[in-house]
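Residue-level listing of the chains:
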Amino acid sequence: MSPTSDLLAQTLAQPGFHPRLPQQRRLYEAAKAAIHQQQLAAGGKLPSSRDLAADLRIARNTVIAAFEQLAAEGYVTSRLGSGTYVADLQAHSASMRGGQAHPPHGGRSTLRAQGTVRLSKRGQEVTRVAAGPKFEIQPFAPGDPDFSSFPLKLWQRLQNRVWREVGSDLRSDLLDYGQAGGYAPLRQAITEYLRLSRSVKVSVEQVLITGGTQQSLDLCAQLLADAGDTAWIEDPGYWGARRVFQARELKLHPVAVDGDGMAIKAADLATKPRLIYVTPSHQYPTGAVMSLARRRELLDVAVRKDAWVLEDDYDSEFRYTGRPLAALQGLDNDDRVLYMGTFSKALYPGIKIGYLVVPPALIDGFKSALYDLQRPGQLMVQAALADFISLGHFTTHLRKIRQTYGARRELLRRTLVHHLGPELSGRVTISSEESGLHLVIELPDGVDDVALERLAAEAEIQVKALSTYYLKKRGRRGLLVGYAYCTPEKIAAYARLLAGIIRSAFRR
């Protein structure tokens, strides 16, 4: 057996080396890896297909197919009457650059070794703080739903039915991207839902199905603002909106939030916003509800400033007493509000389906851009979701999880109050609004909530410091505590630990 055959045989014998691929593909992968690692030197001659097949005890056609794939991708060259040789990848790379080949430095590329690989200025700003590990699904993390309660078997039956209809050519169009702004029955179901539950003024034509709130925000930023334009954002506010606006090179102008929502001051009015991002029904992260007077003022400012209001109604389904609050969009008589929501909170995060309600004058432009820029797709999932809503399962599911989350919220509040004790009464305030997926423990200005977040993390409690949600300077101190994605047993145990950490901070 030749050295080349022996090398490839050892690689193929490894149990974890692409065990599910066809044999010709495994041989191709083994040879390609050996060439990249320079175990097969440039210019070296490979065994004939007949000899290699005999050495490896596989069919000759398998070897020929692997050689043909390697040749097609430039890893080997064939010389008539001479054989097959390993190509010189370094020389090929140099010719493509119009320069000389450079030997690798410790396995690193030349650019990386010289330190010249870098992100754009925009990319550096967007990735400066890696928010994902801090905010994604973890116990006690704010805003996370308990997707373990989602009716998976029912959902699977609905999806299977859609697939059967596609297989019988009754709905084969669902395999396409979708050019009409989303699956029509889902847009109709969302229209009816928003009219009844959120008092949104909407027609089916105004509803676009997106890949979630982030995609809705990005679409608005691209179509309604230019680089350098100003976007007003709530302060404190949603970190995800900041990321989108920064990526589109907008200037962020923070507007303070108080108990009545966004509080516009004279200094704010001295700027000219193009976009105004708000969460009026349940401000994130403070939980404040924007008053009627503030809502009317905001709409008036939008008209005077020729600005677009982006209303993010991210968790309106979770109001535990009374009816959900009416949307800001329902008060808009000048078509300045774009209303957005998501199913990621009510169903499960990975569904990645949201909706955007645009004013009539923007329908054609947004529909065209949605298709041209984002190729939305997921029509199969949209069809299953349309059935889930129209057959009443969505309402039933919401009713169930509202009861569950409401009970967990009350348990968390009671446990915290009990273990914080009377000595902290009046110094520590726990938010009392009956909505959302998290509550806020407000702390005095002298308390370092970032340090408390760090101490809680050491105890495997993933709360978030309120002060880190501010854009320019740390404002109010506090901790955001999620309760939806946490069983009652864990809520009782973790709340006791968290209260102990807070009390120790006051003792220090």
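These numbers were taken from a predicted model, which means no experiment stands behind them.

It is worth spelling out the pattern of salt bridges at this point. Applying the stated criterion to the full structure yields 12 salt bridges. A salt bridge links Arg25 to Glu29, with the nearest nitrogen and oxygen atoms 3.2 Å apart. Separated by four residues within a single helix, Arg25 and Glu29 lie in helix α2 (residues 23-36), roughly one turn from each other. Judged by relative accessible area, Arg25 falls into the partly exposed class, the value being 35%. Note on Glu29: relative accessible area 13%, which makes it buried. It is possible to trace a salt-bridge network through shared partners that takes in Arg25, Glu29 and Lys32.

Over its 15 residues, helix α10 (residues 184-198) runs 20 Å from end to end, which matches the ideal 21 Å to within 8%, given 1.5 Å per residue. Within the sequence span of α10, burial applies to Leu186, Arg187, Ala189, Ile190, Thr191, Tyr193, Leu194, Ser197 and Arg198. Those residues of α10 that are buried lie in contact with β3 (207-210), β9 (337-342), β10 (354-357), α15 (363-374), α16 (379-390) and α17 (393-420).

All chains considered together, the criterion is met by 15 aromatic pairs. When the centroid spacing of 5.9 Å and the interplanar angle of 45° are considered together, the rings of Phe150 and Phe388 count as tilted. Within this pair, whereas Phe150 is found in the loop between α8 (132-135) and α9 (152-167), its partner Phe388 is found in helix α16, the two being separated by 238 residues in sequence. Both residues of the pair, Phe150 and Phe388, count as buried. Ring centres 6.3 Å apart and planes at 75° place the aromatic pair Phe245 and Tyr277 in the edge-to-face group. Of this pair, Phe245 sits in helix α12 (residues 239-247) while Tyr277 sits in strand β7 (residues 273-278), and the two are 32 residues apart along the sequence. Per residue, the accessibility class of Phe245 equals that of Tyr277, and both read buried. Here the aromatic cluster, defined as three or more aromatic residues joined through ring pairs, consists of Phe150, Trp155, Tyr193, Phe343, Tyr348, Tyr355, Phe388 and Phe394. The residue whose ring lies beneath Arg79 is Tyr85, and the NZ or CZ to ring-centre distance is 4.0 Å.

What follows deals with the nonpolar core. Most often, soluble globular proteins have nonpolar side chains that are buried together. Counting 71 residues, the largest nonpolar core has Phe343, Leu385, Ile441, Leu498 and Ile502 as the members making the most contacts within it. By residue number, the principal contributor to this core is α16, which donates nine residues. Not counting the four nearest positions on each side in its chain, Ile502 is found in contact with Leu420, Leu424, Ile441, Leu443, Leu452 and Leu479. Membership of the second largest hydrophobic core comes to 27 residues, among which are Leu217, Cys220, Trp308 and Leu362.

In this section: the sheet that holds strand β11 (residues 429-430). Judged by pairing direction, the sheet is antiparallel, and its four strands sit side by side in the order β11-β12-β14-β13 without closing on themselves. Two strands lie at the open edges of the sheet, namely β11 and β13 (464-465), each paired on one side alone. In this structure, strand β12 (residues 438-443) lies alongside strand β14 (residues 477-482), joined through six bridges in antiparallel fashion. Counted as the bridge partner of His438 is Gly482 from β14. Each of β11, β12 and β14 touches α17; the most contacted strand, β12, lies at about 25° to it.

Cut-offs applied
- Residues numbered from 1 in each chain as written.
- Predicted model: local features only at pLDDT ≥ 70, side-chain atom pairs only at ≥ 80, totals over all residues.
- Heavy atoms only, no water.
- Salt bridge = Lys/Arg side-chain N within 4 Å of Asp/Glu carboxyl O.
- Helix = DSSP H or I, 4+ residues; strand = E, 2+ residues; numbered from the N terminus.
- Buried < 20%, exposed > 50% of the residue type's maximum accessible area, 1.4 Å probe, protein only.
- Expected span 1.5 Å × (residues − 1).
- Contact = heavy atoms within 4.5 Å.
- Phe/Tyr/Trp six-rings, centres within 6.5 Å; stacked < 30°, edge-to-face > 60°.
- Lys NZ or Arg CZ within 6 Å of the ring centre and 35° of its normal.
- Core = buried A, V, L, I, M, F, W, Y, C linked by side-chain atoms within 4.5 Å.
- Pairing = 2+ DSSP bridges.
- Axes fitted to C-alpha atoms, helices over the stretch in contact; angles between N-to-C directions.

Taken by themselves, the reported measurements are silent on function.
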